[in-house]
Amino acid sequence: MPVLSPELKQRLSTPLKIGKFEVRSRVLQSPLSGVTDLVFRRLVRRYAPESMMYTEMVNATGLHYVKELPKIMEVDPNERPISIQLFDCRPNFLAEAAVMAVREGADTIDINMGCPVNKITKNGGGSSLLREPETAEAIVRAVVRAVEVPVTVKTRIGWSEKEITILEFAKRMEEAGAQMITVHGRTRAQGYNGPAKWEWIRKVKEILSIPVIGNGDIFSVDAAVRCLEETGADGVMCSRGTLGYPFLVGEVDHFLKTGCELPPPTPVERLQCARDHLQMLWEYKGERGVRQARKHMTWYAKGFANAGELRDKLSRMETVEEGYRLIDGAIEQLASGDSPGAGGDADTPSWELVEVG
């Protein structure tokens, strides 16, 4: 069981201050492309009502030419605190997009400077900005001038093992006006492979006066506490650990506030959440939502007997009714005890590529 040291407990006893904006939680839900839409954020917020949520990353160039807010930028007027994440390499486009994001209701504007995916980096966005610090600095200055809400940055420790530039880069972001930085403890070349190098998060924290958020390998309450202890970070951001498990942010938040762990959800409770997720996506996006739900459903379906078979069927579902039938049948089996045990099956799925910083 994780233990909160007196020093850490004291450090986390006050709200997280991002410029003049305060968040009453030190646990943030990471922006995840194709995942953190309004529906997913509502589910996470069920269990973590005070945590900061982030939209999927929004292309500033697309906003410039279309002049119309994409659905991924839509926020509920009642969902706060909320940050809208933007990406691009053009300072003027990002400034323009930031103004639109604030009108939509963003409490902060986050600039993605960490996404490692080729289709983003080849156009100058995401982690490619680690190699263009002057452009990155110009972006932050332009967005800070354009909006009155705090501007933050999410990035990585460098482009590769030979190009770990985060210390100079982070200092430049602070000097340009960024009021918080989230550091994913991997290089762009690593992608999501190998352990996150939390020691670089600590080094960033030691040289900055703005809040530093630790990101990378936060899959449990224990990992979150260890990251906070080892890095001195002001908070943690949960990313892939929330796929099929929107309970994680709330579990970490509860422990940091109380020192007590919540009991983990049972397989039945996880499947009930999956059903809610499917229904909400159907109501919000129609047939497209059902198609998008396939990946979510496979992430939920693990850790109990016959989960592999259920995953396979859910990954190919064609209608919302089919999804309900499959999930309800699995819930009935688990609840009645007909399933031969609750142990996890061996072939739990690996995460498909999700574009995160």
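Calculation criteria
- Residues numbered from 1 in each chain as written.
- Predicted model: local features only at pLDDT ≥ 70, side-chain atom pairs only at ≥ 80, totals over all residues.
- Heavy atoms only, no water.
- Salt bridge = Lys/Arg side-chain N within 4 Å of Asp/Glu carboxyl O.
- Helix = DSSP H or I, 4+ residues; strand = E, 2+ residues; numbered from the N terminus.
- Buried < 20%, exposed > 50% of the residue type's maximum accessible area, 1.4 Å probe, protein only.
- Contact = heavy atoms within 4.5 Å.
- Phe/Tyr/Trp six-rings, centres within 6.5 Å; stacked < 30°, edge-to-face > 60°.

1. Describing the pattern of salt bridges
- According to the stated counting rule, one finds 26 salt bridges in the structure shown.
- When the shortest N-O distance is used, the salt bridge between Arg 41 and Glu 79 registers 2.6 Å. One end of the pair, Arg 41, is in helix α2 (residues 38-47); the other, Glu 79, is in the loop between α3 (60-66) and β6 (82-87), with 38 residues separating them in the sequence. Just as Arg 41 is buried, Glu 79 falls in that class too.
- Several salt bridges share partner residues, and in doing so they unite Arg 24, Glu 50, Asp 253 and Lys 257 into one network.

2. Here we look at the side chain of Asp 253
- Mapped onto the fold, Asp 253 is located in helix α10 (residues 248-258).
- Other than its neighbours up to four places away in sequence, Asp 253 contacts Ser 25, Arg 26, Val 27 and Ser 51.

3. A look at the packing of aromatic side chains
- Summed over all chains, the structure comprises 3 aromatic pairs.
- Taking 5.9 Å as the distance between ring centres and 90° as the angle between the ring planes, the aromatic pair formed by Tyr 65 and Phe 93 counts as edge-to-face. Taken together, the residues span a long stretch of sequence, with Tyr 65 in helix α3 and Phe 93 in helix α4 (residues 91-104) at a distance of 28 residues.
- Owing to a relative accessible area of 60%, Tyr 65 belongs among the exposed residues under this scheme.
- When its relative accessible area of 9% is taken as the criterion, Phe 93 is described as buried.
- Plain terms: the ring middles of Tyr 245 and Phe 247 are 5.1 Å apart, the flat faces sit at 65° to each other, and that makes the pair edge-to-face.
- Exposure remark for Phe 247: the relative accessible area of 8% places this residue in the buried category.
- Joined through ring pairs, the aromatic side chains of Tyr 47, Tyr 245 and Phe 247 make up one cluster.

4. Notes on unusual backbone geometry
- Cis geometry marks the peptide bond from Arg 80 to Pro 81, where omega comes out at 0°.
- Within the secondary structure layout, Pro 81 lies in the loop between α3 and β6.
- Despite not being glycine, Asp 217 shows a phi value in the positive range, around 70°.
- Its location among the elements puts Asp 217 in the loop between β10 (212-215) and α9 (221-231).
- With relative accessibility at 22%, the residue Asp 217 sits in the partly exposed group.

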